[in-house]
Each structure stands twice: as C-alpha cells, then as structure tokens.
Amino acid sequence: MNAAAAIRQLLANASLGVLATAGPEGPLTSLMAFAIESPSCLVMATLPDTRKWRNILADPRISLLVDDRETAIDRESVRALTLAGRHEPGTEAQRQAGFTVLGRRHPHLAGLLARPEIALIRLQVTSYLLLTGPTDAAYLTSLDEASATAATGQDSDATPPAPRR
C-alpha cells in the first residue's frame, strides 16, 4: 500500500487524535474527536473559553497526531500520522458543513455541537508525516501519490522539510 492510501485508511479508521497548539502560555495537547471534511481538511469542535481555542486564535498553526496503536498487530507495525497545517475558519456555510460532518461521525457530540457558542476547528493540512514502526517514514504535501517522499530506514525522528507559510 502506498503512503497516500495508508494515510486515507488510517484517517478513515481512527476517530480520535491529539491536537497540538501553541500560544502565549506555551504548547498544549488535547485529545480530540475529528472528522474528515475533505482530503486536506479535518474538523473538530471546542468551546470558545478554552486554552486550545485561545492558542489557535493567537497562532493558527496546529497539528494533529493520529495513530493505530490500539489495532496494530504488533509494536513494530504501529502507524503514527502527524497532520500539520493551519486553522482556517472558513465561511459560515463551511462552518455548518463541518458541524454536520462531525456530528455524523460522532453522534455522541450532538449536545456539544448544538450549543450556539461552539467553535469549529478546521485543520487545513499542508503536510502529512506517516511513520510505520520505528524506522519507516513518508512525508507528503498532499494525498496525491506523486507528492510522497519516503525516508525508509531512517530514524523516525527525521525532520521533514519546514512547512511553508
């Protein structure tokens, strides 16, 4: 399976990820339910009076870590995907569409999503870093298979190219 297909499969099978934000008080990670709005946009919801939302407003660069450690056959086959990008608020129509997609994937969030003050986090993905086991890495800038660069056999801490601003 190529990297883009593996990423699509991982995102389709996972429903939780760890959101990373940074703001004036420093970095923060938060376990979040997410849904796929498009191949390059994931959505999450939060109350507006949270540190993560304040961080996003101060610095819209965010990332989400998604993995399959709960379903992997063994530790050497665990896949971890880091999606890096920016929060893009979008239009009111995109915001409502995001809430709809999120509600379909996570019906248990209906009460939260019905609150009028709820904030939609829209992660516009600019890069995908897929690690399989401790040494195999693939860095993509889109899910178009031609964008993949593999770092097979390298240390999984290898740094991908810096994201463009």
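Residues numbered from 1 in each chain as written. Predicted model: local features only at pLDDT ≥ 70, side-chain atom pairs only at ≥ 80, totals over all residues. Heavy atoms only, no water.

Quick notes on the pattern of salt bridges
Selection rule: We count a salt bridge whenever a side-chain nitrogen from Lys or Arg sits within 4 Å of a carboxyl oxygen from Asp or Glu. Runs of E in the DSSP output that reach at least two residues are strands. Runs of H or I that reach at least four are helices, and both are numbered from the N terminus. Residue exposure (1.4 Å probe, protein chains only): buried if accessible area is under 20% of the type maximum, exposed if over 50%, otherwise partly exposed.
Taken as a whole and assessed by the stated rule, the structure comprises 8 salt bridges. A salt bridge links Arg-122 to Glu-37; the shortest N-O distance between them is 2.7 Å. Linking Arg-122 in strand S7 (residues 119-132) with Glu-37 in strand S3 (residues 35-38), this pair joins segments that are 85 residues apart in sequence. We classify Arg-122 as buried; its relative accessible area is 3%. Judged by its relative accessible area of 25%, Glu-37 falls in the partly exposed class. A salt bridge links Arg-95 to Glu-92, with the shortest nitrogen-to-oxygen separation between them at 3.6 Å. With Arg-95 and Glu-92 both in helix H3 (residues 92-105), this residue pair falls 3 residues apart, about one helical turn. Look at Arg-95 and you get partly exposed, because its relative accessible area is 22%. The class of Glu-92 is partly exposed, set by a relative accessible area of 48%.

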